[in-house]
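# An overview of the molecular structure
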Amino acid sequence: MRVRKPLLKPARPEFSSGPCAKRPGWDLSQLKGAFVGRSHRHPDGQAKLRAVIAKSAQLLGLPPDYRVAVVPGSDTGAIEMAMWNLLGPLGVEVCCWENFGFTWLNDVVEQLRLPEVTVHRADAYGLLPDLTQVDFDHDVVFTWNGTTSGVCVPGADWIPEDRAGLTICDATSAIFGMEIDYTKLDVLTWSWQKALGGEGAHGMIAMSPAAVQRLAEFRPDRPLPKIFRLTRDGELMGEVFDGFTLNSPSMLAVEDALVALDWCAEAGGLPGMLARTRRNLDVVTRWVRASPHVEFLAEDPRTISSTSICLTFRHRVFEELSDPRRADFVRRVCDRIEENGAGFDIGSHREAPPGIRIWGGPTVDATDIELLLPWVDWAFSETLRESAPSPSSSRGLG
């Protein structure tokens, strides 16, 4: 049976997992208060950066003794800054189950060349490694949510309160979208372009007192690029945590972040953001349960991401294709949807198994996801018919 082409389309068909959809009601005119054409080091410019730091910490509910900074290079710059400044005095445990975790592993092993590294690696996309085997007498590097696999850690119970090492967490696709126990994280990093729907090139880093103490006591024996340095002559560069950035930020992006944070506060703060994200995942979950041709990439329901929702197709014709032909199949599905203006950028990450990825973070409306999903059904049916024109090839789609 062929699926009828939908008539209705999402009002906002942006579902990219980064940069992500702008917040509802976003308009370029909202940036008219940006401190442009002036030095960001002027007191008024620095006040804008301080406001981003203060509002972020307050809305997230970070512990009051955590230090927060705006840093260059988006989340990548923030996590690299943490690793280059902090890793070395202890052994390192790296947990990886998707592309970005493997990227941080490569940096630890190939770039920092640390001698004592233990790897906790998932057997395949869709799985987590055995987190019970992590040794917290060592420093631990991990992602809270695997943006390219749609697999997140099931909370923070696996991290002990009393630990000798630091926990360094890439939290960029979880922050503002998932419940996180920040006391279990000594370093967490994120970017404005994910859950806030902000602009790129700027990252955020938050550090616990234990991480700040490590900064003060540990001097890496490797050269540190200026753009990564958080200490000077053995002293913490406290001004970095007071809005004095390491390089020139885009004040347009800063203004956009401030407007996004204000929207977050008006929309119910962190509880409101979490509720919006849960509603988005609920919409997709109901669809998956009713659809025999699609399923979550995450195999354990406790680890299904509510932000980077990754799905794979399940049908005999699709499963019999080679990997390159599966990738081409998915490309044609996504092209059909995009050509109709019903959904943009929903193809899976290039390193992940071929499938679709729908951003379900808080800037996305559940009603738009509800309108997107029938287009996925239709595009899958049409692409399936092309791949296997016999009537039996579309059995199970209705």
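To be clear, the structure that these remarks concern was listed above.
Let us look at the structure shown here. Treat the numbers as computed from the prediction; the structure is a model and nothing was measured.

### Overview of a negative patch on the surface
On the surface, Glu-14, Glu-338, Glu-339 and Asp-345 cluster together to form a negatively charged patch. Along the polypeptide, Asp-345 turns up in the loop between α8 (323-339) and β14 (356-359). Assessed through its relative accessible area of 49%, Asp-345 is described here as partly exposed.

### Here's the deal with unusual backbone geometry
At the junction of Gly-18 and Pro-19, the peptide bond is cis and its omega measures out at -10° in the coordinates. The phi angle at Arg-113 is positive, at roughly 55°, despite the residue not being glycine. For Arg-113, the position within the fold is in the loop between α3 (99-111) and β3 (117-121). The residue Asp-345 is not glycine, and still its phi comes out positive at about 60°.

### Here's the deal with the sheet that holds strand β7 (residues 167-170)
Strand order in the open sheet formed by 7 strands is β1-β9-β8-β7-β4-β2-β3, with mixed pairing between adjacent strands. The strands lining the two open edges of the sheet, one partner per strand, are β1 (67-72) and β3. Across this sheet, the average inter-strand angle for adjacent strands is 15°, counted without regard to direction. On top of the sheet, α3 reaches β2 (92-96), β3, β4 (139-143) and β7; it is set at about 155° to β2, its chief contact.

### A look at the sheet that holds β14
The 3 strands are arranged β12-β13-β14 in an open sheet whose pairing can be described as antiparallel. Each end of this open sheet is capped by a strand with a single partner; those strands are β12 (294-296) and β14. Neighbour-to-neighbour, the strand axes of the sheet open up by a mean angle of 35°, direction not taken into account. Here β12 runs beside strand β13 (residues 308-313); their pairing, made up of 3 bridges, is antiparallel. Of the residues in β13, the one forming a bridge with Val-294 is Phe-313. Sheet strands touched by helix α6 (residues 269-290): β12, β13 and β14. Its angle to β12, the strand with the most contacts, is close to 135°.

### A look at the layout of surface pockets
Estimated volume of the largest pocket: approximately 300 Å³. Around the largest pocket, the lining is made up of 15 residues, and of these Gly-177, Met-178, Glu-179, Arg-278 and Ser-306 lie nearest the centre. It is α6 that contributes the most residues to the lining of the largest pocket, 5 residues altogether. Per-class residue counts for the lining of the largest pocket are 8 nonpolar, 4 polar and 3 charged.

Conventions we followed
The residue numbers shown here count from 1 along each chain, following its written sequence. Restriction of local features to residues with pLDDT of at least 70 applies here, the model being predicted, together with a cutoff of 80 or more for giving and counting side-chain atom pairs; totals for whole chains, interfaces and linings are based on all residues. Excluded from the side-chain calculations are hydrogens and water; all other atoms, namely the structure's heavy atoms, are used. What goes into a patch is any residue over 30% in relative accessible area without a salt bridge, connected to like charges within 9 Å or, for nonpolar side chains (Val, Leu, Ile, Met, Phe, Trp, Tyr), within 5 Å. What sets the accessible areas is the Shrake-Rupley method with a 1.4 Å probe; for residues, cover comes only from the shown protein chains. Put simply, a salt bridge is a Lys or Arg side-chain nitrogen that is within 4 Å of an Asp or Glu carboxyl oxygen. Residues counted as positive are Lys and Arg, residues counted as negative are Asp and Glu, and His and the chain ends are not counted. By convention, the charge on Lys lies at NZ, on Arg at CZ, on Asp at CG and on Glu at CD. Working definition: helices are DSSP H or I runs of at least four residues, strands are E runs of at least two. Numbering for both runs from the N terminus. Buried residues are those whose accessible area, probed at 1.4 Å on protein chains only, stays under 20% of the maximum for their type, while exposed residues exceed 50% and partly exposed ones sit between those limits. In this scheme, strands are said to pair when DSSP sees at least two bridges between them. Each axis is a line fitted through C-alpha atoms, taken for helices only over the stretch in contact, and angles between the N-to-C directions span 0 to 180 degrees. The contact criterion used throughout is that any non-hydrogen atoms of two residues lie within 4.5 Å. Grid spacing is 1 Å over the protein atoms alone, the probe is 1.4 Å, and a cavity is where that probe fits but cannot get out, while a pocket is an open set with protein on both sides within 12 Å along at least five of seven lines and lining residues have an atom within 4 Å of a point. Grid points are joined across faces, edges and corners, and a volume is the space filled by probe spheres set on the points. Ten residues, namely Ala, Val, Leu, Ile, Met, Phe, Trp, Tyr, Cys and Pro, are considered nonpolar, four, namely Asp, Glu, Lys and Arg, are considered charged, and the remaining ones, Gly among them, are considered polar.

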